[in-house]
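Analysis of the macromolecular model
Listed below, chain by chain, are the residues.
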Amino acid sequence: MRKLVVALSLGLPLYFFLSVWATSPAAAPTWTVQLRNSKGLQTGDLVEEAGHPIGHVVRVDARSTPVHIVMTLDLDARDRLRQRATLFVITPTGANRPVLRLVVFDKHSPPLRSASVIAGAESEIEVELRRQLAAMESAVQTFTQQVETFNRALDQTQRSEEKRLLEGIYSIPSSRRR
C-alpha cells in the first residue's frame, strides 16, 4: 500500500508536468496570399511593413495557379493586417532575398481574420493604383454622406414652421403689388 501511495504521489505530478510540457503550443494563425508569380520567395523569407519585419513566410505552393504563399505574423503585428490591405513581393535594394511587403490602404477597415485569402499585388504600380482607388472611394463615400446630410437638412427646412412664416411674410408684398 505504501508503495502504491509513493508511486502515485510521484507519478501523478510527473504525468501532469509531462503532459503540459510535451503539448505543443497552439499553431500560429496564418493567412494566404495569392499571386501569379512567387518571384523567388521561399519558406522562411520575411514579411515586412514599412521596412520593419513583422512575420515570415511559412509555405510557398508554386505548383498552384495562382501561387499560394502562406504567411504568419508576429503577435504584435497581427492587428495591422486589414481587409483593405495587400501584399506584394519586392527585393529591397542591397538585399539578396525577396520579402513579402504589407501595404494597408485603410487602417480603419476591420482586421483580417486568420486563414483568410488575400489577393496580392504583382507590382508597386498596382499597389499605387489600388491606393489611389481606395482614396477615391473614401472621398466619394465622404461626399455622399455630406450630400445625404444636406438633403436631410433641406427636407427639414422645407417642412419647418419658419419657412411657412417667411413665405407668409414675403407673399404679402407681392400680393400688394398686384
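Residues numbered from 1 in each chain as written. Predicted model: local features only at pLDDT ≥ 70, side-chain atom pairs only at ≥ 80, totals over all residues. Heavy atoms only, no water.

1. Some thoughts on the nonpolar core
Where we set the bar: Residue types Ala, Val, Leu, Ile, Met, Phe, Trp, Tyr and Cys, when buried and joined through side-chain atoms within 4.5 Å, form a set referred to as a nonpolar core. Summary of the burial criterion: residues with accessible area below 20% of their type's maximum are buried, those above 50% are exposed, and those between are partly exposed, where the area comes from a 1.4 Å probe applied to protein chains only. Only DSSP runs of H or I covering at least 4 residues are called helices, and only runs of E covering at least 2 are called strands; the numbering of each starts at the N terminus. Throughout, a residue-residue contact means that at least one pair of heavy atoms, one from each residue, lies within 4.5 Å.
Counting residues in each nonpolar core, the largest one holds 21 residues, and the members touching the most others are Met71, Leu81, Leu87 and Leu100. Contributions of two or more residues to this core are made by strand E1 (30–35), strand E3 (52–61), strand E4 (67–73), strand E5 (85–90) and strand E6 (99–104). In terms of residue count, the dominant contributor to this core is E4 (four residues). Residues contacting Leu81, with those up to four places away along its chain left out, are Trp31, Met71, Leu73, Leu87, Leu102, Pro111, Leu112 and Ile118.

2. A look at the environment of Gln132
Following the sequence through the fold, Gln132 ends up in helix H2 (residues 124–158). Residue classification places Gln132 among the partly exposed positions, given a relative accessible area of 40%.

3. Quick notes on the pairing of E3
Short version of the rule: DSSP calls a pair of strands paired once it identifies at least 2 bridges connecting them.
In this structure, strand E2 (residues 46–49) lies alongside E3, joined through four bridges in antiparallel fashion. Bridging across to E3, Leu46 finds its partner in His56. Counting the residues that bridge the hairpin from E2 to E3 gives two residues, and of these Ala50 lies at a positive phi of roughly 55°. The sheet contact formed by E3 and E4 spans six bridges and is antiparallel. Each residue of the ladder has a partner; that of Gly55, found in E4, is Leu73.

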